[in-house]
2 protein chains.
Amino acid sequence: LPADAAPAYLFVPALQPEGGRVTLADEPAHYLARVCRARVGDFASLTDGVGTVARAEVTALGSRVELVVRGVERRPRARRLDLWCGAPEGTRADWLVEKLAELGIAALQPIETSRATWDSFERRAARWRRLAEAALRQSRGAWALEIRAPLALEAALGAWDRMTRGVLADVLGKTGVAPRASGDCVGLVGPAEGLTGDERSRVLDAGFDPMRLSDNRLRSETAALAVACWWAGAVTDGATDGV
Amino acid sequence: LPADAAPAYLFVPALQPEGGRVTLADEPAHYLARVCRARVGDFASLTDGVGTVARAEVTALGSRVELVVRGVERRPRARRLDLWCGAPEGTRADWLVEKLAELGIAALQPIETSRATWDSFERRAARWRRLAEAALRQSRGAWALEIRAPLALEAALGAWDRMTRGVLADVLGKTGVAPRASGDCVGLVGPAEGLTGDERSRVLDAGFDPMRLSDNRLRSETAALAVACWWAGAVTDGATDGV
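Just so we're clear, the structure is a prediction, and the values are computed from it rather than from any experiment.

Student: Would you mind going over the pattern of salt bridges with me for this structure?
Tutor: Where charged atoms of side chains with opposite charge meet at close range, the side chains can pair. Scanning the entire structure with this criterion turns up 44 salt bridges over all chains. Of the charged contacts, one joins A:Asp94 and A:Arg127 as a salt bridge, the two residues approaching to 2.7 Å between their closest N and O atoms. Residue A:Asp94 is located in helix 2 (residues 92-102), and its partner A:Arg127 is located in helix 3 (residues 121-139); the two are separated by 33 residues in the primary sequence. Among the residues examined, A:Asp94 registers a relative accessible area of 16% and is labelled buried. Between B:Glu73 and B:Arg75 there is a salt bridge, with the nearest N and O atoms lying 3.2 Å from each other. What makes B:Glu73 partly exposed here is its relative accessible area of 34%. For B:Arg75, a relative accessible area of 10% puts it in the buried group. One salt-bridge network, held together by shared partners, links A:Glu89, A:Arg92, A:Arg219, A:Glu221, B:Glu98, B:Lys99 and B:Glu102.

See the structure below:
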């Protein structure tokens, strides 16, 4: 691995326990062999995206790229933020997915509202999962962003555990709401066209705290990112370097 | 103007005092006449991007689109954030500019560091200024994002007023640093390749507070956006609606 660069960090869904052998899929194999120019005996970090990070030794670089797991570390998630998002305009969800994945958000829950729906979700979700995986590697996280199937606002609120903290991105909301360094949280952001007054009332009745994120009026995806940054800023002690 | 939509909001650099007549440039003229389908007698909001928002009446919609200013409001800036940014990868600055403008950041100061330079700045800056103007309209702000010419880190530090608060986006920094609802601030974010150890030391010696923004490792432009959201979250009382 290049002396100056951080060691390679790969997403391997079927990670093995210590001593186990991992055969890489085409894309990570190419990345490790061609981009990082790894040699047999080099080490790389692997994550399964659900909390495990392994240190593994490269043992084969031919038609199959293989590593043997030499050490495994569990990284429990101290807290999670799920983002319930109304549909942003056009392709703006693409970069939103990348940024949410980088920031370590647990799940993107697309929300259908009366003013906007998530069109062509299945086709776009495949792309978003690739973007989220790339961001997981880039950010050297241990938890992949989960991209859920769209859900109607009413259904999401109905299934919501009120013991979880809920915050609504809202221009009429409170300022200076503090994030918490522990406990789970759900952030709700309306679509580009906004929630209707009735939808907003039902969200507030369900117990969400309205939170004002900026002096300016934000686009839907910018508001979602602002909620993510707000939450990420109350960082925990889970260091991600050095693996 | 469409009954359901927010009133048109336009960027007019040469805004007039009350009673003055404004002739729109081609792009805002098209937007007002064709997109908003304004009629003579309708009202629109105009901003000069330096703190003034006017309410103006449409008086002509022919080959020249004209409005007469009926009321002017000054919106002093309660505080400002200047972002000093090392170069992000590729075209990633494009959306960064849009988001900084939406969030009401005062200035983007590109910073040249030993590991990365802002290539083709002049050509790209023209595009960024258009993106910033569009975001100003979208967010109904009164202050346009200023896009400055690149400056070497050393020069920026040399000219820095140490009475201004400075924060450095830094994985080794403190967590839970609180933004302030008043006073100016400079946020510094390294390039995609990072600051060198020597550069980082000089920034800290100059008095910048290192601040950790996330448990994950962030891309350069994501870190810049996280600083912007951190700052924007300590919102002031300057409401932007209702003009």
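Student: What is the right way to read the packing of helix 2 of chain A against helix 3 of chain A from this model?
Tutor: The axes of two packed helices give the description: the angle between them and the distance between them. All names here are of chain A. Where helix 2 meets helix 3, the closest approach of the two axes is 8 Å, and the angle between their N-to-C directions is 35°. Seen along the crossing, helix 2 lies across helix 3 with a hand that is right-handed. Touching Ala-93, Asp-94, Val-97, Glu-98, Ala-101 and Glu-102 of helix 2 are Arg-124, Arg-127, Trp-128, Leu-131, Ala-132, Ala-135 and Ser-139, all from helix 3.

Student: I'm lost on the sheet that holds strand 1 (residues 9-11) of chain B in this one. Help?
Tutor: Strands pair in a sheet through their backbones, by hydrogen bonds, and they do so in one of two ways: parallel or antiparallel. Residues and elements named next belong to chain B. With mixed pairing, five strands are arranged side by side in an open sheet as 1-3-4-5-2. Edge strands, defined here as strands with exactly one partner in the open sheet, are strand 1 and strand 2 (21-23). Going across the sheet, the axis of each strand differs from the next one's by a mean of 40°, ignoring polarity. Pairing between strand 4 (residues 52-61) and strand 5 (residues 65-74): nine bridges, direction antiparallel. Within strand 5, the residue paired with Ala-56 across the bridge is Val-69. Contacts from helix 3 (residues 121-139) reach strand 1 and strand 3 (43-47) within the one sheet, and its direction differs from that of strand 1 by about 150°.

Student: Sorry, what's going on with the pairing of strand 11 (residues 185-189) of chain B here?
Tutor: Regular strands place side chains that alternate from one sheet face to the opposite one. Residue and element names in this part refer to chain B. Counted residue by residue, strand 11 has five buried out of five residues, so it is predominantly covered. Burial of the side chains of strand 11 extends over both faces: Cys-185, Gly-187 and Val-189 are buried on one face and Val-186 and Leu-188 on the other. Pairing between strand 6 (residues 81-85) and strand 11: five bridges, direction parallel. Across the sheet, Leu-81 pairs through a bridge with Cys-185, a residue of strand 11.

Criteria and cut-off values
- Residues numbered from 1 in each chain as written.
- Chains lettered and ligands numbered in written order.
- Predicted model: local features only at pLDDT ≥ 70, side-chain atom pairs only at ≥ 80, totals over all residues.
- Heavy atoms only, no water.
- Salt bridge = Lys/Arg side-chain N within 4 Å of Asp/Glu carboxyl O.
- Helix = DSSP H or I, 4+ residues; strand = E, 2+ residues; numbered from the N terminus.
- Buried < 20%, exposed > 50% of the residue type's maximum accessible area, 1.4 Å probe, protein only.
- Axes fitted to C-alpha atoms, helices over the stretch in contact; angles between N-to-C directions.
- Left-handed = near helix turned anticlockwise from the far one by under 90°.
- Contact = heavy atoms within 4.5 Å.
- Pairing = 2+ DSSP bridges.

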